Amino acid sequence: FPKNNYEFETRDEFGEDIDTSFLGFPAEEDWILHGPFSDKTLLRNVLTMHLTQEMGQYASRTQFVELVINGDYRGVYVLMEKIKRDNDRVDVAKLKETDIEGDEVTGGYIFKIDRGDQAWFSQYNKWKNPWEKLSYVLVYPDLDDIQPQQLEYIESYVDSFEMAVMSPSHQIGGKHYEEFIDLHSFAEHFIISELGKNIDAYRFSSYFHKKKDSDGGKIYAGPIWDFNLAFNNADYGGASTTSGWLYYISQAGAEPAWWDKMLQDPLFRNILRCRWADVRQGQLDVDAIFAFIDGQVDLLGDAATRNFERWDILDEYVWPNPIVSGSYEGEISNLKEWIALRIGWLDANMFGVCESVGTNDLDIEARFDVFPNPTNNYIFVQKKKPY
């Protein structure tokens, strides 16, 4: 797009990186300026980060700015935090060169499914794509800096998760796949990806991070990233319809196959249903979402007008717009209408069941499995089969 995105660093007078706090952001040195272009609402990424934060996960903080470079007005941009290891960003342990064994080698790591230099290949093919292996890209530590023992560890850990989830019993060596990952974060990742029907979900900009064993040790899904083509802003791959699961109707087939295995598992399906029911009462209430959108539109005010004077595209098709509304107000109206219809479909079709325990169901050991034991952060209560 002619409206470029930028990455920049804050530096001192000697050219050295320096942590800097401005516009309400925690101090850091690496930043992103996202320039919405095909997203004519200007706020799809802002909305996504907000909803994810409201659900309790880290997502980049955002701030609208107007950008001028060397006297050239560039329009409305979104200041964002670059995804990196930091106590105020992706809060995983710092890995040193000497952390090559014991608890120290078990975290922290940030990796993703995306374009880029592959750190390792999965043992499994991509979903509906039998000629291409799934691959992972390292974010932290950098591929040039990671020690061989560290790379071997994280590759082996992800392999073990994949082998467990792909097996008929969902186990490997007696360990269920939920012992390798934080199911709550994966459920929320799926919910936000499907809510927006993000055409790039699962196969691009799909981040994960792993903590040390002493800090729970599991893989967490996230942080979420790159939703400018979500919420009805892609005219291909079934992304513009308000019905259907994007994971299953995507024509790319490049998504991890293990999502399908999890979505067939009653444990994960029921966690999805319960989490969906929970967030629909608050964070994903339609009125609450609309109120946030209206607040952002009011905040932008005349800045949106100036942006589209600089970039006169409201009457033009910009890849991959499914709708050309002709006005900023029309773009906002179309976004709201699509979200309401999409949430209605998800209400009627979300996987799983979410049932409360009746007062007569007191024999917990006989009727339910409670796991894992010992636990960290979450326990799962699963009704036993009647045999």
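Each value, and the rule that gives it
Per chain, residue numbering runs from 1 following the sequence as it is written. The predicted nature of this model means local features are confined to residues of pLDDT at least 70 and side-chain atom pairs, given and counted, to a pLDDT of 80 or more, with totals for whole chains, interfaces and linings taken over all residues. Side-chain calculation: all heavy atoms of the structure are included, whereas hydrogens and water are not. Note on definitions: salt bridges are taken to be side-chain nitrogens of Lys or Arg within 4 Å of carboxyl oxygens of Asp or Glu. Where helices and strands are cited, they refer to DSSP runs of H or I of at least four residues and of E of at least two residues respectively, numbered from the N terminus. Burial classes follow relative accessibility: with a 1.4 Å probe on protein chains only, a residue under 20% of its type's maximum area counts as buried, one over 50% as exposed, and anything between as partly exposed. A pair of aromatic rings is counted whenever rings of Phe, Tyr or Trp (Trp by its six-membered ring) have centres within 6.5 Å, and the orientation is called stacked for planes under 30 degrees apart, edge-to-face for over 60 and tilted otherwise. When the NZ atom of lysine or the CZ atom of arginine is within 6 Å of a ring's centre and also within 35 degrees of its normal, the charge is said to sit over that ring. Residues enter patches when their relative accessible area tops 30% and they take part in no salt bridge; the joining distance is 9 Å for like charges and 5 Å for the nonpolar side chains Val, Leu, Ile, Met, Phe, Trp and Tyr. Each accessible area is a Shrake-Rupley result for a 1.4 Å probe, and residues are judged covered by the shown protein chains and nothing else. Nine residue types can take part in a nonpolar core, namely buried Ala, Val, Leu, Ile, Met, Phe, Trp, Tyr and Cys, and a core is a set of them joined through side-chain atoms within 4.5 Å. By definition, residues are in contact when any of their heavy atoms lie within 4.5 Å. For the purpose of charge, His is not counted, nor are the chain termini; Lys and Arg are scored as positive and Asp and Glu as negative. Think of each charge as sitting on NZ of Lys, CZ of Arg, CG of Asp or CD of Glu. Only strands that DSSP links by at least two bridges are regarded as paired with each other. Convention adopted: a line fitted to C-alpha atoms gives each axis, helices being fitted over their contacting stretch, and angles between N-to-C directions are expressed from 0 to 180 degrees.

Draft legend 1. Region of the structure containing the pattern of salt bridges. Scanning the entire structure with this criterion turns up 24 salt bridges. The closest approach of N and O atoms between Glu 29 and Lys 84, which form a salt bridge, is 3.9 Å. You can see Glu 29 sitting in the loop between strand 1 (6–9) and strand 2 (30–34) and its partner Lys 84 sitting in the loop between strand 4 (72–81) and strand 5 (109–113), a full 55 residues away along the chain. Judged by its relative accessible area of 16%, Glu 29 is buried. Through salt bridges with shared partners, a single ionic network connects Glu 28, Glu 29, Asp 30 and Lys 84.

Draft legend 2. View of the packing of aromatic side chains. In this structure the tally under the stated criterion is 34 aromatic pairs. Ring plane angle 25 degrees and centroid distance 5.7 Å describe the contact between Phe 111 and Phe 208, whose orientation is recorded as stacked. Of this pair, Phe 111 sits in strand 5 while Phe 208 sits in strand 10 (residues 206–210), and the two are 97 residues apart along the sequence. By relative accessible area, which is 2% here, Phe 111 ends up buried. A ring pair is formed by Phe 231 and Trp 338, whose centres lie 6.3 Å apart and whose planes are at 80 degrees; its orientation type is edge-to-face. Taken as a pair, Phe 231 in the loop between strand 11 (219–221) and helix 4 (246–249) and Trp 338 in helix 9 (residues 328–349) lie far apart in primary sequence, 107 residues in all. The positively charged end of Lys 175 is found above the aromatic ring belonging to Phe 180, 4.5 Å away from the centroid.

Draft legend 3. Representation of unusual backbone geometry within the structure. Across the junction of Gly 107 and Gly 108, the peptide omega takes the value 0 degrees, indicating a cis bond. Along the chain, the position of Gly 108 falls in the loop between strand 4 and strand 5. Cis geometry marks the peptide bond from Trp 319 to Pro 320, where omega comes out at 0 degrees. Tracing the sequence through the fold places Pro 320 in the loop between helix 8 (302–310) and helix 9.

Draft legend 4. Local environment of a nonpolar patch on the surface. Together, Phe 1, Tyr 317, Trp 319 and Val 324 give the surface a local cluster of nonpolar side chains, amounting to about 430 Å² of exposed area. Within the secondary structure layout, Val 324 lies in the loop between helix 8 and helix 9.

Draft legend 5. Highlighting the nonpolar core. With 103 residues, the main nonpolar core has Phe 186, Trp 258, Met 262, Phe 268 and Ile 339 as its most contacted residues. Looking at which element gives the most residues to this core, the answer is helix 2 (residues 148–166), with nine residues. Non-local contacts of Phe 186, meaning those with residues more than four positions away in its chain, are made with Ile 181, Phe 208, Ile 219, Tyr 220, Ala 221, Trp 258, Trp 259, Met 262 and Phe 268. The next biggest cluster of nonpolar side chains, apart from the first, holds seven residues, and it includes Leu 33, Val 65, Tyr 77 and Leu 79.

Draft legend 6. A negative patch on the surface, seen in detail. A grouping of Glu 97, Asp 117, Asp 142, Asp 144 and Asp 145 is seen on the molecular surface, where their side chains present a negatively charged patch. Tracing the chain through its elements places Asp 144 in the loop between strand 7 (129–140) and helix 2. For Asp 144, a relative accessible area of 70% puts it in the exposed group.

Draft legend 7. Local environment of the sheet that holds strand 3 (residues 62–69). One open sheet holds the four strands; their spatial order is 1-2-4-3, and the pairing between them is antiparallel. Every interior strand has two partners, whereas the edge strands, strand 1 and strand 3, have only one. Each strand of the sheet is rotated relative to its neighbour by a mean of 35 degrees, with strand direction disregarded. Summarising the sheet, strand 1 and strand 2 pair through four bridges and their orientation is antiparallel.

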